Every structure is written in C-alpha cells, then in structure tokens.
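# Breakdown of the fold
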Amino acid sequence: MLKNRVQFSLFSSLYGRIFAIFWLTLFLVLLVVVVAPHFDPRTQHDIDQAPLDKIQKAAESITSKYQNKKDFTRSLNSIDQYASKQPGGFALFFTDYSGEILNRHHRGQTKSLRNFITLSDDLNSPKQKLYGRKMIAGPFKVTIANQKVLLYVSRFSRNPPPFILKILDRPGQLLLATMLVSTPFLLWLAWALSQPARRLQQAAERVARGQFVHDPSLEKGTKEFRKTGASFNQMVGAINTMVSGQQRLLSDISHELRSPLTRLRMATALASRKQGESAELERIEMEAERLEKMISELLELSRMQINSHEDRVVTDAKTLWFDIFEDAQFEAEQSGKVLHYDPIEIWPISGNPNLLMSAVENVVRNAIRYGEHHIRISIIKQKKQLTIMVEDDGSGVPDDELKDIFRPFYRVSTARDRVTGGTGLGLAITESAIRQHNGTITASSSEMGGLKIILTLPMQ
C-alpha cells in the first residue's frame, strides 16, 4: 500500500512526469533503432516460405534435368538462356563450394553477388538480401553434369525499401522527420504542463485588477501546482478578510471623525451668532470645511481601492465623458478661460463608470483651476487603447516633482492649495482609478507652458 502511494506521488508531481516522459521518449527511440533493422530488406534475412518453396522446386528441377548431362558449360549456357527469357529481371548464378562464380558472362556484373556469397555460407539455411532493387537469395544445392554446385537466384524487387528505411539512411532527413513527428507531441506536452501556470497567471491578473475570487481550478494538475493553487486561494481568502476589516475600520473612522467635526461646526456657528463674525471663527470654519472634504476624499480613495472590481460594465467613451467635457467647457467660460476638446466617439470601454468619470473629471478640473487662459483636451484612439491628454497654460509643476503629484496628500505649493481648497487627493484618486482599470497615467510639462496629464486606457 505504501509502495503504491510512493509511486502515485512520484508520477503526480511535475518532476516525476518530466522524468517519466524523458525516459519513455528515450526508450521509444532505442526501440526503433533496435527493431527497425530487422525489417530492413537490405540486411540478410530469412526467405519467406512461398518464395523459398518455389526456388527449392526450381533447384530440384535443374538437378533432375541436368545432373546426367555430359557438358557442364553447355548446360550452364542452356540454363542461362532459359532464365533470361523469364520476366522480372530473373537471373541464376552458380558457384562451386569455394565461392568461385561459374557463369562466365555474369562475372563482370557480380559485385553484389560476391558480397552476398561471403555473408551467406550456410547450405542448410538459405538467406536473402536486397541490393538496390535486386534481391539475391541462396545458396541452394544443385547437380549439373554430375558436378555439385551452389545456386543463387537474383530477381528484380518491385517493392522499394520502406520510406522509414530511406529516411534512416539520410541523417538530415532523419533529423527533419524526427522534428516534424515530435513537434505536435511536444506542443501538446508543453500545453499540458503550462496549463496550470496559465490558470495561476490569470488568477494573479484578476487579483491585480482587484477581483479577490477563490478559484477551485487552481488546485488541479501536478502536485506542485496543486499546492501553489491552494496557497494562492488561501492568500485570496486572507486578503478578503483583511479588506473586510479595513472596510469596517474605515466606517468606524468616518463615524468617529465626522461626529466631532459636525459638533465643531455647530459650535462655530453658535459662536458666530453670539459674538458676530470674526477672522478667527472664519478660519476655524474654513479649516473644518477642508477637513471634512479631506475625510470625504480619503474615504472615496479607500473605497475605490477596495471596490473597484464591482459594478463593471461595458460602456463607451462618449457616454462616460461627453457631459463632463461640456460642463467643463461651460465652467471654464465662466472663469474667463477657453477649453477646447477633440470630438469624442462611441469607443467601447469596460470598467466602473463612476470611477472612470471621476478620474477624468479630476484631471480636467485641475487644469481649469490652475490654467491661466487655455485648456486643451486631446483624444487619440490607437488600435486597442484610448489616450486622453489634458494640457493647460498655468505655472506647471517642476520636473523633479512630476512623479510625486500622484501620491496622496502631496502638494507642490501648500499656500496655493490652501487658497484653492485643494487636499492633495484628487490626482491620487485619479491614479488609483486608472491603475485599477489596467491603464496608465503620466505627467509632464506641456508645450503650452503648464502641466500635461496623459491617461491611457485599454478599449474593450
């Protein structure tokens, strides 16, 4: 019982299967190399029973007809003339027991026969061998003119050597044939071994997109992949538990922070009624508003990172962003600025509509807020991806800080953000939303003089 378990464990593992396949392939190659020569007519082999019986009858007939003749040479010539009239390239050769060929007119054409004579010397066990398209069989005992001689029969072989034997004679063709025959098997083998790895890759991509789903198919295949799949599913379960705990923590933080903040604003309002307006109370109210906005945006960022995989649908670019661009154009006009955007078409986009709209809206509103006079939105469709480029002619961002502006709470100029009411979370929210949709976001200096943000999203 224990032995069977060990054997099963060996062949259910990846290294055990590779080892077994290697030795099986090697065994099959050795088997072909060892067995193939036994089916090669060009090697000396036994004569089939039907041809053997026919040749032996012919030898007996020759002995019966010519053993009492007096002239040996004339008898050979008579036999040669009879054989030459037979169809199929039939020829008879006679030798003495020392191997000397007795047919005079065949002596210059008997190189293959001489080779066969040296190999076949057992009078009791005639053999045959193929030379090109000529099959030679013998020896057979006959008596001509009271002289004992050996008979060898040569006949034209209508069946060419098997195709596999021709290939074995040519190393280049043998290598090519081996590659052609083994390629489908190796492709299947590679596919079968890589299938669990592909499932694991797809599961990892789902996790990267924020989809923490338990996948039973990962726990199939060889032992190594089963264990890896089980560990991966355990990791997904642990992440789900951690996310649930984070959601509860965020909910508690929201309640605990907003409650005293609400009481603070109510106290400020009561103080303003009793004591009248003052710079100190206005400052407290402004900071309370900023704190409330910061808490809201922080909670939005956290929810986005947790629930980005939910409510994903296939929509189109025009439905997502046309109204946002129209409203942004109107808002820019009210501020004395000009916003221009390229025509937007019904390009299919898959994702969470709210997140995608929020991401683009944050970038556009930043451009309106910090641009001096002009804002430009370029939309470029390239094969299977959509690029949205937003530029303004504002003061821009120093080159050494371009990568930092997507960090939460990072602000290039604190004084400016305080004036405009910024919290440093808008671009962080945008970056998170784009990344959750397998897109990219980059910042650089614009030719207009301000900041250029490029959003790239895959199309459905």
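Read on for an overview of the structure.

### Describing the nonpolar core
- Within the largest apolar cluster, 40 residues are counted, with the highest numbers of intra-cluster contacts made by Trp321, Phe325, Leu339, Val364, Ile377 and Ile453.
- When contributions to this core are tallied by element, the ones reaching two or more residues are helix H10 (317–334), strand E7 (338–341), helix H11 (353–370), strand E9 (374–382), strand E10 (385–392), helix H13 (426–436), strand E11 (440–445) and strand E12 (451–458).
- Top element by residues in this core is H11. It accounts for 8 residues.
- Here Leu339 is in contact with Phe325, Ala328, Gln329, Ala332, Val364, Ile368, Ile375 and Ile377, once residues within four sequence places are set aside.
- Tyr66, Phe72, Leu76 and Ala137 belong to the second largest nonpolar core, which has 21 residues in total.

### Some words on the packing of H11 against H13
- Interaxial distance between H11 and H13 falls to 9 Å at its minimum, and their mutual angle equals 145°. In the crossing of H11 with H13, the sense of the turn from one axis to the other is left-handed. Residue-level inspection shows Leu355, Ser358, Ala359, Asn362, Val363 and Asn366 of H11 in contact with H13, the latter providing Gly426, Leu427, Ile429, Thr430, Ala433 and Ile434.
- A breakdown of the residues in the contact of H11 with H13 according to their chemical character gives 7 nonpolar, 5 polar and no charged.

### Some points on the environment of Ala328
- By the secondary structure assignment, Ala328 is in helix H10.
- With 11 residues separating them along the chain, Ala328 and Leu339 place their C-alpha atoms 7.5 Å apart.
- Filtering out sequence-adjacent residues up to four positions away, Ala328 remains in contact with Leu339, Val364 and Ile368.

### What to know about a nonpolar patch on the surface
- On the surface, Phe19, Phe22, Trp23, Leu26 and Leu30 cluster together to form a nonpolar patch covering roughly 540 Å² of accessible area.
- Assignment of secondary structure puts Leu26 in helix H2 (residues 14–35).

### A short note on the pairing of E7
- The side-chain alternation of E7 yields one buried face, formed by Leu339 and Tyr341, and one unburied face, formed by Val338 and His340.
- Bridging between E7 and E9 involves 4 bridges; their strand directions are parallel. Paired with Leu339 across the bridge in E9 is Ile375.

Cut-offs used in this document
Residues numbered from 1 in each chain as written. Predicted model: local features only at pLDDT ≥ 70, side-chain atom pairs only at ≥ 80, totals over all residues. Heavy atoms only, no water. Core = buried A, V, L, I, M, F, W, Y, C linked by side-chain atoms within 4.5 Å. Buried < 20%, exposed > 50% of the residue type's maximum accessible area, 1.4 Å probe, protein only. Helix = DSSP H or I, 4+ residues; strand = E, 2+ residues; numbered from the N terminus. Contact = heavy atoms within 4.5 Å. Axes fitted to C-alpha atoms, helices over the stretch in contact; angles between N-to-C directions. Left-handed = near helix turned anticlockwise from the far one by under 90°. Nonpolar A, V, L, I, M, F, W, Y, C, P; charged D, E, K, R; others polar. Patch = residues over 30% accessible without salt bridge, like charges linked within 9 Å, V, L, I, M, F, W, Y side chains within 5 Å. Areas by Shrake-Rupley, 256 points an atom, 1.4 Å probe, with all protein chains shown as cover. Salt bridge = Lys/Arg side-chain N within 4 Å of Asp/Glu carboxyl O. Pairing = 2+ DSSP bridges.

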